[in-house]
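Each chain is listed here by its residues.
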There are 4 protein chains.
Amino acid sequence: MSSQKSTAAPDAAPNATGRTPKRARGRQRVAALLDAATVVFAEKGYDAATMTEIAARSSTAIGSLYRFFPSKEALAEGLLHRYGERAGAGLDAIAAHASAMTAAQMADALLDLMMALKSERTALKVLMDARVDGANRRQYLRGVIRGRMAGVLSAHAPGLSAERADLLSVMVLHLMKTIPELAEEAEAAALFQEMRLVLSAYLAAAVAGG
Amino acid sequence: MSSQKSTAAPDAAPNATGRTPKRARGRQRVAALLDAATVVFAEKGYDAATMTEIAARSSTAIGSLYRFFPSKEALAEGLLHRYGERAGAGLDAIAAHASAMTAAQMADALLDLMMALKSERTALKVLMDARVDGANRRQYLRGVIRGRMAGVLSAHAPGLSAERADLLSVMVLHLMKTIPELAEEAEAAALFQEMRLVLSAYLAAAVAGG
Amino acid sequence: MSSQKSTAAPDAAPNATGRTPKRARGRQRVAALLDAATVVFAEKGYDAATMTEIAARSSTAIGSLYRFFPSKEALAEGLLHRYGERAGAGLDAIAAHASAMTAAQMADALLDLMMALKSERTALKVLMDARVDGANRRQYLRGVIRGRMAGVLSAHAPGLSAERADLLSVMVLHLMKTIPELAEEAEAAALFQEMRLVLSAYLAAAVAGG
Amino acid sequence: MSSQKSTAAPDAAPNATGRTPKRARGRQRVAALLDAATVVFAEKGYDAATMTEIAARSSTAIGSLYRFFPSKEALAEGLLHRYGERAGAGLDAIAAHASAMTAAQMADALLDLMMALKSERTALKVLMDARVDGANRRQYLRGVIRGRMAGVLSAHAPGLSAERADLLSVMVLHLMKTIPELAEEAEAAALFQEMRLVLSAYLAAAVAGG
DNA sequence: TATGAATGAGACTTCATTCAT
DNA sequence: CATGAATGAAGTCTCATTCAT
């Protein structure tokens, strides 16, 4: 099932022709499907989201949806995969400047990234929370992101042991993961600022050797 | 299935009196149902959890489950209610000693409470996240707990404004809410200690006026 | 099943004591149950009516309801039986004066009887229409009433052959049976008068040898 | 079950052309479903009829039944609609010759129509009697048929006032509606002739100004 | 290859009926 | 005998997935 994906949504190199040859059409479809899935999963939750609605929202026939993603689980996987790439890229970008940042600046940078991925983040949360059997697949995403985040933190605080950086990265990711939930509270804006405090206090304490 | 019940409900008739037969049995049933619901909701999530499985896990006939909780939503509500009472009592107990605690001790106390309610906490998170219509009932729980937590924090740091205490309590609750997720990671124990650091650093910074 | 009824609801002679000894209490219960059943069947239809509601409306425990009527079908039977007795008595009363009536007067008398039994009539219709297996039991009621009606018609028009009187009685009963439905139309009152016309025209034509 | 279908649906593809495959199949399905529903509703009544049985009788998967009729109520509505069209057409055909008919001929014509729609009529009665909420839809059917019948009567007896024609049509429809019940009696054939007498006597009396 | 009608397992819920108290 | 909690078969409806066209 997971092996089929590489066939259906190949990460092939960007094509040379500027037009939309066969291959590119598929890429667009996949993107549209993932966008629709993001919206529907976020709105309804994993179980309540229906393949039919996701297909409809992206103007795709249900049969075509199943051609690209052979199951609902595979679709979720696809979403996770795309998110992993985007978030990874964002973290790499932060890592590039991490050494020159204060704890507060680091907190800001991470929160900014969080906001940039906001819409996807909600869908992600839904998928990660869904107690599906595909827990293993989630492990993959975790691994990818976690490594990137550890890179960020090591760059930021070169003194950290590899072990410590790993643990820190898990906790920071955990904290970031919960941010969209804060947006649902009445005091969303204030809580967002408050999370800045949480993060910077934690990072400062941890780097100091807490 | 019905014959299994006498085996599966060894906690029957704790007292020797012939009294409270009907009533007590009902109470036990409800408790068993809520326990089973806690487990199943936590394992599967709200949508994927089935009334049939919850009934089976508590050795209850499906019809009996519906006698006590006339809908899945009502069952969720029952769980929320029970959790509210337990968590509220725990917070009140902490509040009684809050003034004499350091930030680190407060973090410990809160985490201890969290551990005591661990199994229920996971189910709770699932229910609070579920995109059900009965959002009002959840709002009620939120209000109750939040007020209790604000009491704890005010007792701990009398200098806080009511507003600030409110905001802090929301954030602390938010952080605590996410703890069960950490338990799913490989480094659960270490992360738990890490959360101690997060909480105490945040509390110390916040009380200091960060 | 049907044999149990004679035990549960005996048509025993009116008791001598003026009080309410054991036997009479049962009689009251049965009457209350049948009254409640009449209302609920009429309101909801046979299938949608629930034994629980019928018990509740007559302030009877569900277990007691089942003591008197061992099944829903038996309860329906009980209602049919009571209706048969009441309608039969009414028809006998009409028969006593039938020889002195014109066709129009006969139509009036029958319609008056119909109105007197109105509330029960609606419940009856529901039960007769219900496509339950107990079709045989309905046959019984039909037989009883039909014989009475044939008596009325023979008294009214002595010239009719027994065969003809039988056929006429079936048709007249059929027409009367449908009256409650007219009450649901907007023009109920006018239709009721119209039914007078139908009946008297038919009786006159039939007696005349149509 | 799916393999049985080719056996159970011998009316498939009446034309030789490869054309109208999808569309025509849908229409056939709907017709088969309505036919099955007619039978089952007539046999069991509205409540006791199960969607599962209706699907089975038309060799349709339950899911397909729900694709065409998204609820039991919708299915009933579909039946009502189809009946309305057929009965309306029949009444219009009678109206075309009504002016040249005697009361007895009119009675015959109406009874003939009734016989032609016999099987549907029984189901109709069940649906119209059913205590469902969708009463509005039934009102619509009533209106349509009633207007057609008033047209028939006006054509038959031009002297009738519009009001009177309306009232007459309601009563005539009422009488016709009850015919299927007569078919359940032992003397069905004789009763059918008797209904001829009822109708013609009534029409004659009414036209005469009774 | 794209399409969407068809499929049927399975979810929630109701209610007639039983039986321990 | 009365009571009403307990039971579980059965009904309506949804939706992931397949496959003929």
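Predicted model only: the values in this text are computed from it and were never measured. (Residues numbered from 1 in each chain as written. Chains lettered and ligands numbered in written order. Predicted model: local features only at pLDDT ≥ 70, side-chain atom pairs only at ≥ 80, totals over all residues. Heavy atoms only, no water.)

Draft legend 1. The arrangement of the overall build of chain A in detail. Helix and strand counts for chain A come out as 11 helices and zero strands. Walking chain A from its N terminus toward its C terminus, one meets helices and strands in the order α-α-α-α-α-α-α-α-α-α-α. Expressed as a percentage of its 210 residues, the buried residues of chain A come to 50%. Excluding contacts between residues fewer than 6 apart, the proportion of contacts in chain A whose partners are at least 24 apart in sequence is 66%. Per element, the accessible surface of chain A, about 9700 Å² overall, is 56% carbon and sulfur. (Helix = DSSP H or I, 4+ residues; strand = E, 2+ residues; numbered from the N terminus. Buried < 20%, exposed > 50% of the residue type's maximum accessible area, 1.4 Å probe, protein only. Contact = heavy atoms within 4.5 Å. Areas by Shrake-Rupley, 256 points an atom, 1.4 Å probe, with all protein chains shown as cover.)

Draft legend 2. View of the pattern of salt bridges. The tally for this structure, following the rule as stated, stands at 62 salt bridges over all chains. Salt-bridge contacts for C:Glu120 lead to C:Arg86; the nearest nitrogen and oxygen are separated by 2.8 Å. On the criterion of sequence distance, the pair formed by C:Glu120 in helix 7 (residues 118-129) and C:Arg86 in helix 5 (residues 72-97) is long-range, its members being 34 residues apart. On the accessibility criterion, C:Glu120 (9% relative accessible area) is buried. Put simply, A:Lys125, A:Lys177, A:Glu181, B:Lys125, B:Asp129, B:Lys177 and B:Glu181 are held in one network by salt bridges that share partners. (Salt bridge = Lys/Arg side-chain N within 4 Å of Asp/Glu carboxyl O.)

Draft legend 3. Examining the interface of chain B and chain A more closely. Every contact between the two is made by 38 residues of chain B and, on the other side, 37 residues of chain A. Roughly 3100 Å² of surface becomes buried between chain B and chain A when both sides are summed, with 59% attributable to carbon and sulfur atoms. Applying the counting criterion to the chain B and chain A interface returns 11 salt bridges. In this structure, the salt-bridge partner of B:Glu185 is A:Arg142, at a minimum N-O distance of 2.6 Å. Where chain B packs against chain A, one counts 15 residue pairs in polar contact (both at pLDDT 80 or more). Of all the secondary-structure elements, those providing two or more residues to the side of chain B that touches chain A are helix 2 (21-44), helix 7 (118-129), helix 8 (135-156), helix 9 (162-177), helix 10 (179-182) and helix 11 (188-208) of chain B. A total of 10 residues in the side of chain B that touches chain A trace back to one element, the largest contributor, which is helix 11 of chain B. Looking at the side of chain B that touches chain A residue by residue, the class counts come to 18 nonpolar, five polar and 15 charged. (Buried area = accessible area lost by both parts, 1.4 Å probe. Polar contact = N/O pair within 3.5 Å; in protein donor to acceptor, adjacent residues only side chain to side chain. Nonpolar A, V, L, I, M, F, W, Y, C, P; charged D, E, K, R; others polar.)

Draft legend 4. Representation of the environment of D:Gln193 within the structure. Tracing the backbone shows D:Gln193 in helix 11 (residues 188-208). C-alpha of D:Gln193 to C-alpha of D:Leu111: the two residues are 82 residues apart in sequence and 9.5 Å apart in space.

Draft legend 5. Quick look at the relation of the copies chain C and chain D. Structural alignment of chain C on chain D gives an RMSD of 0.6 Å, achieved by rotating through 177° and translating 0.2 Å along the axis. The superposition of one copy onto the other is thereby described by a two-fold rotation axis. The share of interface residues of chain C whose copies in chain D are also at the interface is 100%, consistent with both copies meeting through the same surface. (Least-squares fit on C-alpha atoms with pLDDT ≥ 70 in both.)

Draft legend 6. Geometry of the UniProt feature "DNA-binding region" (unreviewed entry) in chain A. In this structure's numbering, the residues bearing the UniProt feature "DNA-binding region" (unreviewed entry) are residues 50-69 of chain A. Span residues 50-69 of chain A is 70% helix and 0% strand, its end C-alpha atoms 14 Å apart. (UniProt positions renumbered as here; feature names shortened; annotations may be inferred.)

Draft legend 7. Expanded view of the packing of helix 11 (residues 188-208) of chain A against helix 11 of chain B. Here helix 11 of chain A crosses helix 11 of chain B at 115°, and the two axes come no closer than 8 Å. Considering their axes alone, helix 11 of chain A and helix 11 of chain B lie roughly perpendicular with respect to each other. As for the relative orientation of helix 11 of chain A and helix 11 of chain B, their crossing is right-handed in sense. Contacts from A:Glu194, A:Leu197, A:Val198, A:Ala201, A:Tyr202, A:Ala205 and A:Ala206 of helix 11 of chain A reach helix 11 of chain B at B:Glu194, B:Leu197, B:Val198, B:Ala201, B:Tyr202, B:Ala205 and B:Ala206. (Axes fitted to C-alpha atoms, helices over the stretch in contact; angles between N-to-C directions. Parallel < 35°, antiparallel > 145°, perpendicular 65-115°, else oblique. Left-handed = near helix turned anticlockwise from the far one by under 90°.)

Draft legend 8. Region of interest: the packing of aromatic side chains. With the rule as written, the count across this model stands at four aromatic pairs over all chains. A centroid spacing of 5.5 Å and a plane angle of 20° characterise the contact between A:Phe41 and A:Tyr46, whose relative ring orientation is stacked. Exposure remark for A:Phe41: the relative accessible area of 0% places this residue in the buried category. Owing to a relative accessible area of 9%, A:Tyr46 belongs among the buried residues under this scheme. Positioned above the aromatic ring of D:Tyr46 is the side chain of D:Lys72, whose terminal nitrogen or guanidinium carbon lies 4.9 Å from the ring centre. (Phe/Tyr/Trp six-rings, centres within 6.5 Å; stacked < 30°, edge-to-face > 60°. Lys NZ or Arg CZ within 6 Å of the ring centre and 35° of its normal.)

Draft legend 9. Structural context of the interface of chain C and chain D. On the chain D side, the residues contacting the 37 residues of chain C number 38 residues. Roughly 3100 Å² is buried in total at the junction of chain C and chain D, and carbon and sulfur atoms are behind 59% of that figure. Summed over the shared surface of chain C and chain D, the number is 11 salt bridges. Put simply, chain C and chain D have 15 residue pairs in polar contact (both at pLDDT 80 or more) between them. At 10 residues, the largest contribution of residues to the side of chain C that touches chain D is made by helix 11 (residues 188-208) of chain C. In the side of chain C that touches chain D, the residues fall into 18 nonpolar, five polar and 14 charged.

Draft legend 10. The arrangement of the side chain of A:Ser200 in detail. All names here are of chain A. With respect to the element layout, Ser-200 can be found in helix 11. Here Leu-197 takes part through its backbone oxygen, which lies 3.4 Å from a polar atom of the side chain of Ser-200. Once residues lying within four places of it in the same chain are set aside, the contact partners of Ser-200 are Ala-103, Ala-104 and Ala-107.

Draft legend 11. Focus on the relation of the copies chain B and chain A. Mapping chain B onto chain A calls for a rotation angle of 177° and an axial translation of 0.2 Å; the resulting RMSD is 0.6 Å. The fraction of interface residues of chain B whose copies in chain A are also interface residues reaches 97%, indicating that both copies meet through the same surface.

Draft legend 12. Layout of unusual backbone geometry. All names here are of chain A. Unusually for a residue other than glycine, Ser-59 sits at a positive phi of about 50°. For Ser-59, the location among the structural elements is in the loop between helix 3 (51-57) and helix 4 (62-68). A residue is classified by how much of its surface remains accessible, and Ser-59, at 61% relative accessible area, is exposed.

Draft legend 13. Geometry of the environment of A:Thr52. Mapped onto the secondary structure, A:Thr52 falls in helix 3. C-alpha of A:Thr52 to C-alpha of A:Ile62: the two residues are 10 residues apart in sequence and 6.1 Å apart in space.

Draft legend 14. Quick look at the nonpolar core. In terms of nonpolar packing, the biggest core is built from 135 residues, with C:Phe41 and D:Phe41 touching the most fellow members. Counting residues domain by domain, this core receives three or more from each of domain 1 (16-68) and domain 2 (72-208) of chain D. When neighbours within four sequence positions are excluded, D:Phe41 is seen to be in contact with D:Tyr46, D:Ala49, D:Ile54, D:Lys72, D:Leu75, D:Ala76, D:Leu79, D:Ala123, D:Val126 and D:Leu127. Residues A:Leu167, B:Ile94, B:Leu110 and B:Leu199 belong to the second largest nonpolar core, which totals 134 residues. (Core = buried A, V, L, I, M, F, W, Y, C linked by side-chain atoms within 4.5 Å. Domains from an automatic or database assignment.)

Draft legend 15. Examining the side chain of A:Ser58 more closely. All names here are of chain A. As for its placement among the helices and strands, Ser-58 is situated in the loop between helix 3 and helix 4. For Ser-58, a relative accessible area of 9% corresponds to the buried category. In this structure, Ser-58 is in contact with Ala-32, Leu-33 and Ala-36, ignoring residues within four places of it in sequence.

Draft legend 16. The arrangement of the confidence of the model for chain A in detail. Residue and element names in this part refer to chain A. Scored by pLDDT, chain A comes out at a mean of 85, with 85% of its residues at no less than 70. Per-residue pLDDT, averaged within each element of chain A, yields its smallest value for helix 1 (residues 2-8) (39) and its largest for helix 3 (98). Predicted confidence is poor over residues 1-20, with pLDDT under 50, and the contacts of this stretch with residues over four places away or in other chains come to 20 contacts. (pLDDT = per-residue confidence, 0-100.)

Draft legend 17. Main features of the packing of helix 9 (residues 162-177) of chain A against helix 11 of chain B. The interhelical angle for the contact between helix 9 of chain A and helix 11 of chain B, taken along N-to-C directions, is 65°, at an axis separation of 10 Å. The orientation of helix 9 of chain A relative to helix 11 of chain B falls into the category roughly perpendicular. Handedness of the crossing formed by helix 9 of chain A with helix 11 of chain B: right-handed. Here helix 9 of chain A contributes A:Arg164, A:Leu167, A:Leu168, A:Val170, A:Met171, A:His174 and A:Leu175 to the contact with helix 11 of chain B, which in turn contributes B:Ala190, B:Leu191, B:Glu194, B:Met195, B:Leu197 and B:Val198. When grouped by side-chain class, the residues that make up the contact of helix 9 of chain A with helix 11 of chain B number 10 nonpolar, one polar and two charged.

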